[in-house]
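Report on the structure
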Amino acid sequence: MGNLIKVLTRDIDNNGGNFFLDFENAEPTQSETEVWEEVNQVLMEARVILDDLQAYRGAGEEIRQAIQSPGVEGVQEKAWAAVVPLVTKLKTFYEFSQKLESSLRCLMDVLTSSASTPTQHLEQKQALARQFAHIMHFTLRFDELKMTNPAIQNDFSYYRRTISRMRINNLSADAGNEVNNELANRMSLFYASATPMLKTLSDATSKFVSDNPDVPIENTTDCLSTMASVCKVMLETPEYRSRFASEETVLFCLRVMVGVIILYDHVHPAGAFVKTSNIDMKGCIRVLKEQPPSSVEGLLNALRYTTKHLNDEATSKQIKNMLQQN
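Residues numbered from 1 in each chain as written. Predicted model: local features only at pLDDT ≥ 70, side-chain atom pairs only at ≥ 80, totals over all residues. Heavy atoms only, no water.

The criterion, for reference: UniProt positions are given in the numbering used here, feature names are shortened, and annotations may be inferred rather than shown by experiment.
The chain has the name Family with sequence similarity 49 member Ba in an unreviewed UniProt entry, where Sparus aurata is given as its organism. In UniProt, the chain has this text filed under Sequence similarities (unreviewed entry): "Belongs to the CYRI family." The heading Subcellular location (unreviewed entry) in the UniProt record of the chain holds the text "Membrane".

In structure tokens:
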């Protein structure tokens, strides 16, 4: 992801200092190692999850034929045989969201502790900040892929309908493959969201704040706004951006920026869009709009539809108009 990037932070923690965020090469210090290794196991699995989701083709044709030929046993069996392994994948994706949520909480425990300011945490615990960024990147990428793949919900809906019929007719599904009713309900809620991973992390961040009343909420919101500011500066400053090794680095920073904005908007009582917000929303939206539309439409939609405060009266018309326009 390019060379070490020097980022000037302005008016953050009132120190106006310079610090480096190395999204590519940061290695854990001794004090970071225990958390880093735990989170790293999840991030290694995240790559497999993305590959599997990208390769997910669905059983649309088999399902279509089964619906058209309800009385033909062989056609029904073929559709069922196609759908069951796909639902096993969907179950794996859902269960991974719980692991990701746990990893996010581990990182937030460290990066929001009152021992240091948010900037100091990000500066001194770069390996953990890098992992936090990778979780955001994975989350936005997963949701982009899910949003453009209607087969996921179609396959799962067919699976649930078929299971219901089997139960009514006292037919047993393969016990090893069946998703029990409670899990199926939770999976349905998960996949019903336009951006399921982001919703999971937004809910987890809000819960983290409510579960830790001894940690000032500013510790969490300042950590998120600092990360957003760092990404924005890297993206909008030619001197920094020219050091990126590939276009994928730009997308990485864009996803991280959007992800932390959405988390901030869910956690901060007034949200990310008010004038007093620590995030320069106009600047962040402008940076997004300067990219090729095809690469950022999913990110703009995430800001439009998964934030909490965009439609509040306190949000300026200018920001609402910026997000409405393509």
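Back to the write-up after that little detour.
**Brief notes about the overall build of the chain**
Rule in force here: Strands are runs of DSSP state E lasting at least two residues, helices are runs of H or I lasting at least four, and both sets are numbered from the N terminus onward. Both definitions apply: the radius of gyration is a C-alpha atom measure, and the globule rule equals 2.2 Å times residues to the power 0.38. Only protein chains enter the accessibility calculation, which uses a 1.4 Å probe; a residue whose area is less than 20% of its type maximum is buried, one above 50% is exposed, and one in between is partly exposed. Any pair of residues with heavy atoms lying within 4.5 Å of one another is described as a contacting pair. Per-residue and other accessible areas follow the Shrake-Rupley method at a 1.4 Å probe size, with only the shown protein chains counted as cover for residues. Asp and Glu count as negative and Lys and Arg as positive, but His and the ends of the chain are not part of the count. Just so you know, the charge point we use is NZ for Lys, CZ for Arg, CG for Asp and CD for Glu.
The secondary structure content of the chain amounts to 14 helices and 2 strands. The C-alpha atoms of the chain give 22 Å as radius of gyration, which agrees with the globular expectation for 326 residues (20 Å, within 12%). With the principal axes as the frame, the chain shows a C-alpha extent of 70 × 45 × 40 Å. Put simply, the chain has 326 residues, and 51% of those count as buried. Restricting the contact set of the chain to residue pairs at least 6 apart, pairs at least 24 apart contribute 75%. Accessible surface computed for the chain: about 15,500 Å², of which carbon and sulfur atoms make up 49%. Between the mean site of the 33 positive side-chain charges and the mean site of the 41 negative ones, the chain shows a separation of 6 Å.

**Considerations on the pattern of salt bridges**
Here is the rule we go by: The working definition used for a salt bridge is a side-chain nitrogen of Lys or Arg within 4 Å of a carboxyl oxygen of Asp or Glu.
Taken as a whole and assessed by the stated rule, the structure comprises 13 salt bridges. Arg 105 serves as the salt-bridge partner of Asp 211, at 3.4 Å between the closest nitrogen and oxygen. Remark: Arg 105 occurs in helix α3 (residues 73-111) and Asp 211 occurs in helix α8 (residues 196-211); sequence separation between them is 106 residues. For Arg 255, the salt bridge is made with Glu 144, and the minimal N-O distance between the two is 3.2 Å. Of this pair, Arg 255 sits in helix α11 (residues 247-267) while Glu 144 sits in helix α5 (residues 126-147), and the two are 111 residues apart along the sequence. Residue class for Glu 144 comes out buried when judged on its relative accessible area of 14%. One network of salt bridges, with partners in common, ties together Arg 141, Glu 144, Glu 248 and Arg 255.

**Looking at the packing of helix α1 (residues 33-54) against α5**
Our working rule: Note on method: axes are straight lines fitted to C-alpha atoms, helices fitted across the in-contact stretch only, with angles between N-to-C directions ranging 0 to 180 degrees. These descriptions rest on fixed angle ranges, namely under 35 degrees for roughly parallel, over 145 for roughly antiparallel, 65 to 115 for roughly perpendicular, and the rest for oblique. Throughout, a crossing is termed right-handed when the near helix is turned clockwise from the far one, and left-handed when it is turned anticlockwise from it by less than a right angle. Three classes are used, and their members are as follows: Ala, Val, Leu, Ile, Met, Phe, Trp, Tyr, Cys and Pro are nonpolar, Asp, Glu, Lys and Arg are charged, and the others, Gly among them, are polar.
At a minimum axis distance of 10 Å, the contact between α1 and α5 shows a crossing angle of 20°. When the axis of α1 is compared with that of α5, the two are roughly parallel. Considering how the two elements wind past one another, α1 and α5 form a crossing that is left-handed. Counted together, Val 35, Trp 36, Val 39, Asn 40, Leu 43, Ala 46, Ile 49, Leu 50, Leu 53 and Gln 54 of α1 and Ala 127, Leu 128, Gln 131, His 134, Ile 135, Phe 138, Arg 141, Phe 142, Leu 145 and Lys 146 of α5 form the full contact between these two elements. Here the residues of the contact of α1 with α5 are counted per class, giving 14 nonpolar, 4 polar and 2 charged.

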